[in-house]
Amino acid sequence: MPHLVTGNPLQPPWPDGHELALFGMGCFWGVERIYWQMDGVWTTFAAYAGGETEQPTYEQVCTSTTGHAEVVGVVFDPAVVSYEALLRAFWENHDPTQGMRQGNDVGSQYRSIILVTSEEQRLVAQASRDRYQDALRRIGEGAITTEISDRDRWWIAEDAHQQYLARNPNGYCNHGFCQVPYPA
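Every value quoted in this text rests on a predicted model; they were computed, and no experiment measured them. All chains use their own residue numbering, which begins from 1 and follows the written sequence. Per-residue local features of the predicted model are confined to residues with pLDDT of at least 70, and side-chain atom pairs are confined, for both listing and counting, to 80 or more; whole-chain, interface and lining totals are unaffected and use all residues. Neither water nor hydrogens contribute to the side-chain values; these are computed over all heavy atoms in the structure.

This part covers the nonpolar core. The nonpolar core is taken to be a set of buried Ala, Val, Leu, Ile, Met, Phe, Trp, Tyr and Cys residues, with the residues joined through side-chain atoms within 4.5 Å. Each residue is placed in one exposure class: buried if its accessible area under a 1.4 Å probe, protein chains only, is under 20% of its type's maximum, exposed if it is over 50%, and partly exposed if it falls in between. Judged by nonpolar contacts, the single largest core of 35 residues is most densely connected at Phe23, Tyr35, Val74, Phe76, Tyr83, Leu86 and Ile114. Working rule for contacts: check all heavy atoms of both residues, and any pair within 4.5 Å makes them a contact. Ignoring sequence-local partners within four residues, the contact set of Tyr83 consists of Ala21, Phe23, Phe76, Ile114, Val116, Gln121, Val124 and Ala125. Counting 12 residues, the second-largest nonpolar core is a separate cluster that includes Leu20, Leu22, Ala69 and Trp154.

Next up, the structure:
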């Protein structure tokens, strides 16, 4: 199935030199739209990751018993957009201090999580988190609860969830409410 906006495949193989980033910041519908609009992003996809259940379904993940989060895979060209720029979009478009929720969406599947695909991504993500935590503290906000973990496995979500907001432009999206500027 090709991406409805970019026309590119959702699954590998991807072009040489491209990297995969995985972000969970609440409902994956809005997250995916944030990233597919960025220059240098080749494709995006809704997926489940961070848990134990093999090949989970949306219904299973919604029970908060699988350990999986709703995540978005972002395949990007680092010559055009940096991982740091992707992290900036991550921090500025959700509230990473809420724990197992985002807004009215409650449960471990909506937690804030960065799944890294390399040691370099880990180091950049950790430094980025620390800078953003400092920015939040300066304005009296709480501690970041975002998990930074190794990407072990992920399962692509059902077709109905792929590019949901491209097919349903007025569909539900709770992203963009944190908007504390990312420190330069």
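We now examine helix α1 (residues 28–36). Numbered from the N terminus, helices here are DSSP runs of H or I no shorter than four residues, and strands are runs of E no shorter than two. Burial within α1 is extensive, with eight of its nine residues counted as buried. Of all the residues in α1, the buried ones are Phe28, Trp29, Gly30, Val31, Glu32, Ile34, Tyr35 and Trp36. Of the surrounding elements, those touching the buried residues of α1 are β1 (19–25), β2 (41–49), α2 (58–61), β3 (69–76), α3 (83–92) and α5 (164–167).

This brings us to the sheet that holds β3. The pairing criterion for strands is at least two bridges between them, as found by DSSP. The mixed open sheet is built from six strands, whose spatial order is β7-β6-β1-β3-β2-β8. Among the strands making up the open sheet, the edge pair consists of β7 (147–150) and β8 (154–156). Between one strand axis and the next, the sheet turns by 35° as a mean value, whatever way the strands run. Sheet topology places strand β6 (residues 112–116) next to β7; four bridges connect them, and they run parallel. Within β7, the residue paired with Leu115 across the bridge is Ser149. The strands touched by α3 are β1, β2, β3 and β6; relative to β1, the strand with the most contacts, the crossing angle is about 10°. Axis lines are fitted through C-alpha atoms, for helices just across the contact stretch, and the angle between N-to-C directions can take any value from 0 to 180 degrees.

A word on the environment of Gln55. Residue placement: Gln55 occurs in the loop between β2 and α2. For Gln55, a relative accessible area of 61% corresponds to the exposed category. Along the backbone, Gln55 and Ala157 are 102 residues apart, and their C-alpha atoms lie at a distance of 9.2 Å. Beyond its immediate chain neighbours, meaning those up to four positions away, Gln55 contacts Gln60 and Trp155.

Interpretation note: all reported values are geometric properties and have no functional meaning in isolation.
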